[in-house]
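# Observations on the model geometry
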Amino acid sequence: LRAGEGSAARAQIAMLFDSSTFVEIGAYTKRGFSDFLSTEKSNEFEGVISGYGAIDGKLVFAFAEDSSRMGGAIDERHAKKVEELYRLATKNGAPVIGIFNSNGTDIFAGTASLAAYGKIMAQVNAASGVIPQIAFVAGKCIGISAATASMFDFVVKAKDAELYVSSPALTVAGNAQ
């Protein structure tokens, strides 16, 4: 099975593109774990689906965070898939659609996850004003992910999705004092 086979992320990608036009990039990329952090989930596929296809006959690139794989946690390989997507999109002058739905990062990834976020944000920033970027918040988009989504030209949020940098519970509690 390909990464995310049968997942909501794969269904969203299928609905996004014209029938049979989606070409996945890095379909068999697996999570990166050191020997020290190796777990029973070390063999899981990466938590992002990325690629390109046609929407109304026009070339479009897209990535969808797959919360069914490691919670969609962002790590170095996740960032590399998104970086490659952006490289191809800017080279071809085509828009990028990002579907955000992640639980954030894996705590065991440590500072490597922060570096991964930085790499993704650098790509989004470099593409600003060069190609159109649309963020669709389909599920959880919290913290640095929310900051990243807000850098896109347009942000669309599903009714039941979560989009915030700081927890509303913390913000409300802090304002009550």
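How each quantity is defined
Residues numbered from 1 in each chain as written. Predicted model: local features only at pLDDT ≥ 70, side-chain atom pairs only at ≥ 80, totals over all residues. Heavy atoms only, no water. Pairing = 2+ DSSP bridges. Helix = DSSP H or I, 4+ residues; strand = E, 2+ residues; numbered from the N terminus. Axes fitted to C-alpha atoms, helices over the stretch in contact; angles between N-to-C directions. Salt bridge = Lys/Arg side-chain N within 4 Å of Asp/Glu carboxyl O. Buried < 20%, exposed > 50% of the residue type's maximum accessible area, 1.4 Å probe, protein only. 1 Å grid on protein atoms, 1.4 Å probe; cavity = no way out; pocket = protein on both sides within 12 Å on 5 of 7 lines; lining within 4 Å. Points joined across faces, edges and corners; volume = space filled by probe spheres on them. Nonpolar A, V, L, I, M, F, W, Y, C, P; charged D, E, K, R; others polar.

Time to look at the sheet that holds strand 1 (residues 23-25). Spatially, the six strands line up as an open sheet ordered 1-2-3-4-5-7, and their pairing is mixed. Bordering the open sheet on either side are strand 1 and strand 7 (154-157), each of which pairs with just one other strand. Strand-to-strand twist of the sheet, defined as the mean angle between neighbouring strand axes without regard to direction, takes the value 20°. Relative to strand 2 (residues 48-55), strand 1 is paired through three bridges, and the arrangement is antiparallel. Bridge assignment links Glu 24 to a residue of strand 2, and that residue is Gly 51.

Another point: the pattern of salt bridges. The tally for this structure, following the rule as stated, stands at three salt bridges. For Arg 87, the salt bridge is made with Glu 84, and the minimal N-O distance between the two is 2.7 Å. Of this pair, Arg 87 and Glu 84 both sit in helix 2 (residues 76-92), three residues apart, which is roughly one turn of the helix. Among the residues examined, Glu 84 registers a relative accessible area of 27% and is labelled partly exposed.

It is worth spelling out empty space enclosed by the protein at this point. Per the counting criterion, the structure on display carries one cavity of 30 Å³ or more. In this structure, the largest cavity spans a volume of roughly 60 Å³. In terms of lining residues, the largest cavity is bounded by Phe 63, Glu 65, Ile 74, His 78, Val 82, Phe 100, Tyr 117, Ile 120, Ser 145 and Thr 148. Residue composition of the lining of the largest cavity, by class: six nonpolar, three polar and one charged.

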